[in-house]
Amino acid sequence: TEDEISLFERDMKEFWIQFKISYGTDQINQTLALRDSCKETIEALSEKWSKKLKEEDLMIDKIQEYNNEILQQSKYIAEKEEQLTEIKLKLSQEEEQQKNLTDSIQELKEELKKKMEIKSSKNEAAKEKVERVSETKTLFKERLGLEMRRIHDDQLQFIFRHIDHKDPDKPYMFTLSINEQGDYEVTSCTPPLDCVAELQLKLRETNNFSAFVANIRKAFTALSYK
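In this report, the structure presented in the accompanying data block is examined. Worth saying up front: this structure is predicted, and the values here are computed from it rather than measured. (Residues numbered from 1 in each chain as written. Predicted model: local features only at pLDDT ≥ 70, side-chain atom pairs only at ≥ 80, totals over all residues. Heavy atoms only, no water.)

**Details of the pattern of salt bridges**
Tallied over the full model, the rule gives one salt bridge. Residue Glu 147 is joined to Arg 149 by a salt bridge in which the shortest nitrogen-to-oxygen separation is 3.1 Å. Look at Glu 147 and you get partly exposed, because its relative accessible area is 27%. (Salt bridge = Lys/Arg side-chain N within 4 Å of Asp/Glu carboxyl O. Buried < 20%, exposed > 50% of the residue type's maximum accessible area, 1.4 Å probe, protein only.)

As structure tokens, this is what we get:
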């Protein structure tokens, strides 16, 4: 084995000597220089590409960082848009409630105005009726022996005399008022008459007050003969 190794080393030396002789020292030096130049170029390219790869890695990391920031911003914007939508909805509901409240207030105002107009109209009608009754007071007293008095709650009391031929000073009376509906209403009658409700209804239908008082007196007169 050692002989074989020695033989191989000897053959290699001979080959190298022959190689130098065949190509010359200059060619060998050129070859070595070319090899070194290629090696340097490869190393430079390797360094350049290594640096470029590192820059690309940094760029990728930066892009990923930007993407994460964009994602966070998108989430934040989405949350704010959702909150804004809720606020707009609440504002819309409040505006609708405000409109409904305003409409309700306007309706109440109109209803109150109508009631006030109706009340004013009824009061005016009642006032006219009371004045009409008062205007006939003197006439009734002179012709029918009638006395009228204003008593509590703006009621009128009618007192007839000279009805009972046995007792001319005996009073026959009834009390009249104007109710909430603006109609005449007999609130009391002494002595009681069965026809009061019928006469009261006729008065409301005809508004003939003089005839009503005359009919009451006739009823009292008829009662005095029983």
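**Notes on the state of the cysteines**
The final tally for this structure, using the stated rule, is zero disulfides. Cys 195 provides the cysteine sulfur closest to Cys 189, a residue in no disulfide bond, and the two sulfurs are 7.8 Å apart. A relative accessible area of 24% places Cys 195 in the partly exposed class. (Disulfide = S-S within 2.5 Å.)

**Digging into unusual backbone geometry**
The linkage connecting Thr 190 with the following residue, Pro 191, adopts the cis geometry, with an omega of -5 degrees. As for its placement among the helices and strands, Pro 191 is situated in the loop between β4 (184–190) and α3 (196–206). Residue His 162 is not a glycine yet carries a positive backbone phi of 60 degrees. In this fold, His 162 is placed in the loop between β2 (155–160) and β3 (172–178). (Helix = DSSP H or I, 4+ residues; strand = E, 2+ residues; numbered from the N terminus.)

**Some details on the pairing of β3**
Buried residues dominate β3, accounting for five of its seven residues. Bridge count between β2 and β3: five bridges; the pairing is antiparallel. Looking at the pairing, Phe 160 lines up with Tyr 172 of β3. Strand direction decides the pairing type here: β3 and β4, joined by six bridges, are antiparallel. Paired with Ser 177 across the two strands is Glu 185, which belongs to β4. In this antiparallel pair of consecutive strands, β3 and β4, the connection spans five residues, and Gly 182 shows a positive phi of 85 degrees. (Pairing = 2+ DSSP bridges.)

**What to know about the sheet that holds β2**
Read across the sheet, four strands follow the order β1-β2-β3-β4 without closing on themselves; strand pairing throughout is antiparallel. Looking along the sheet, the strands with just one partner apiece sit at the ends: β1 (146–151) and β4. If you compare each strand with its neighbour and ignore which way they point, the axes differ by 20 degrees on average. Looking at chain direction, β1 and β2 are connected through six bridges and run antiparallel. Counterpart to Arg 149 in the pairing with β2 is Gln 157. Seen against the sheet, helix α4 (residues 209–224) touches β1, β2, β3 and β4 and runs at an angle of roughly 150 degrees to β3. (Axes fitted to C-alpha atoms, helices over the stretch in contact; angles between N-to-C directions. Contact = heavy atoms within 4.5 Å.)

**Observations concerning the packing of aromatic side chains**
Within a pair of aromatic rings, the relevant descriptors are the distance that separates the centres and the angle that separates the planes. Enumeration according to the criterion identifies eight aromatic pairs in this entry. Taken together, a centroid distance of 5.8 Å and an interplanar angle of 90 degrees make the contact between Phe 174 and Phe 212 edge-to-face. Residue Phe 174 is found in strand β3, and its partner Phe 212 is found in helix α4; the two are separated by 38 residues along the sequence. Pair check on accessibility: Phe 174 and Phe 212 agree, each one buried. Connected via pairs of aromatic rings, a cluster forms that spans Phe 158, Phe 160, Tyr 172, Phe 174, Tyr 184, Phe 209, Phe 212 and Phe 220. (Phe/Tyr/Trp six-rings, centres within 6.5 Å; stacked < 30°, edge-to-face > 60°.)

**Side note on α3**
For α3, the full list of buried residues reads Val 196, Leu 199, Gln 200 and Leu 203. Angularly, the buried residues of α3 cover 100 degrees about the axis, an arc narrow enough to put them on a single face. Set apart from the buried face of α3 by more than 90 degrees, the exposed residues are Ala 197, Glu 198 and Glu 205. Phi for Asn 207, located one or two positions after α3, is positive at around 60 degrees. (Arc of directions from axis to C-beta.)

**Some thoughts on the environment of Thr 221**
Here Thr 221 shows up in helix α4. C-alpha of Thr 221 to C-alpha of Tyr 172: the two residues are 49 residues apart in sequence and 9.3 Å apart in space.

**Describing the nonpolar core**
Ranked by size, the top nonpolar core spans 22 residues in total, and within it Phe 158, Phe 160, Phe 174, Phe 212 and Phe 220 carry the most contacts. Those elements giving two or more residues to this core turn out to be β1, β2, β3, β4, α3 and α4. For this core, the leading source of residues is α4, giving six residues. (Core = buried A, V, L, I, M, F, W, Y, C linked by side-chain atoms within 4.5 Å.)

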